[in-house]
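# Analysis of the macromolecular model
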Amino acid sequence: MTDDKPTTGGVPVPVTPAGATSGAPAEFPPAAPAGRGMFGNQGTGDVSGFGGLVRQHRAIEDSPRPYGGYFDEVRDALEEAYPAFGEAIEKVVVDRGELTLHIRPERIAEVCQVMRDDPALRFELCSSVSGVDYLGADARRLHVVYQLTSMTYRRQVRLEAAVSVEEPHLPSVTAVYPTADWQERETYDMFGVVFDGHPALTRILMPDDWEGHPQRKDYPLGGVPVEYKGAEIPPPDKRRSYQ
């Protein structure tokens, strides 16, 4: 049996995988109303089997009342306890069994304070702060999502605030929820959202001198080569023109 792999002194030499586009740079995905394919790829590089997938972006609208369950009680309690409710709350959305309050960015810390302290609400725990990039679907494409839990009433609510890439600033909620400390740092590191008032807003995953924010959807894919015995797999952006 013969092996057609090139060798040097009996040691296999890494070769470019068949079908790869050597040196292909990562490209910014197009800002379109619908995402296509598993990776947004427009050519033949998507080998996931979902190349024909089309994901439509639907508008997020205010949900009509009554919402059902405890959702109406939460809204009514917040509206009664927080005089600036009409200015701070952009919309209330009930979808897939979740209550989401969309908050004006500059009001997020105030709303969290009321959600925690009001006796009718008592959302004592912020279990998660995370980011989402709605590139091509929202002018304020960077969304920050807060998952709050009331251990007193066994309820959950989701807060969401949206900022633009040009003005990616939000008040930090660490003074209200200390658990948000490292979570805000991760959201800053990965998405570039700046949490004003955070006690030590530094990168937490990437090196301090890293340029860019890797989970933004217009961030080049990049990567490092991975070595195996007898082979070397190039980084993703050197294999195919994934976008």
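Placed above this text is the structure.
Note that this is a predicted model, so its numbers are computed, not measured. (Residues numbered from 1 in each chain as written. Predicted model: local features only at pLDDT ≥ 70, side-chain atom pairs only at ≥ 80, totals over all residues. Heavy atoms only, no water.)

Okay, the pairing of strand 9 (residues 155-163) next. Each regular strand carries side chains that alternate between the two faces of the sheet. Of all 9 residues making up strand 9, 8 are buried, and the element is well covered by its neighbours. Both strand 6 (residues 98-103) and strand 9 contribute to a ladder of 4 bridges, which runs parallel. Its bridge partner being in strand 9, Thr100 is matched across the sheet by Arg158. Pairing geometry for strand 8 (residues 142-150) and strand 9, over 9 bridges, is antiparallel. Looking at strand 9, one finds that Tyr146 is bridged to Leu159. The antiparallel hairpin formed by strand 8 and strand 9 contains 4 residues in its connecting segment, where Arg154 sits at a positive phi of about 55°. (Buried < 20%, exposed > 50% of the residue type's maximum accessible area, 1.4 Å probe, protein only. Helix = DSSP H or I, 4+ residues; strand = E, 2+ residues; numbered from the N terminus. Pairing = 2+ DSSP bridges.)

Looking along the chain, the bond that leaves Arg65 and enters Pro66 is cis, with omega of 0°. Within the element layout of this structure, Pro66 appears in the loop between strand 4 (54-56) and helix 1 (71-81). Even without being glycine, Arg122 reaches a positive phi, approximately 55°. Here Arg122 lies in the loop between helix 3 (108-117) and strand 7 (125-133). Residue Arg122 is classed as partly exposed on the basis of its relative accessible area, which comes to 31%. Located in the positive-phi region is Arg154, a residue other than glycine, with phi close to 55°. Within the secondary structure, Arg154 sits in the loop between strand 8 and strand 9.

Turning next to the sheet that holds strand 9. Judged by pairing direction, the sheet is mixed, and its 5 strands sit side by side in the order 5-6-9-8-7 without closing on themselves. Edge strands, defined here as strands with exactly one partner in the open sheet, are strand 5 (89-95) and strand 7. If you compare each strand with its neighbour and ignore which way they point, the axes differ by 20° on average. Examined bridge by bridge, strand 5 and strand 6 share 6 bridges and lie antiparallel to one another. What sits directly across from Asp95, in strand 6, is Glu98. Lying over the sheet, helix 3 contacts strand 5, strand 6, strand 8 and strand 9, oriented at roughly 170° with respect to strand 9. Strand contacts of helix 4 (residues 180-191): strand 7 and strand 8, with the helix running at about 5° to strand 7, the strand carrying the most contacts. (Axes fitted to C-alpha atoms, helices over the stretch in contact; angles between N-to-C directions. Contact = heavy atoms within 4.5 Å.)

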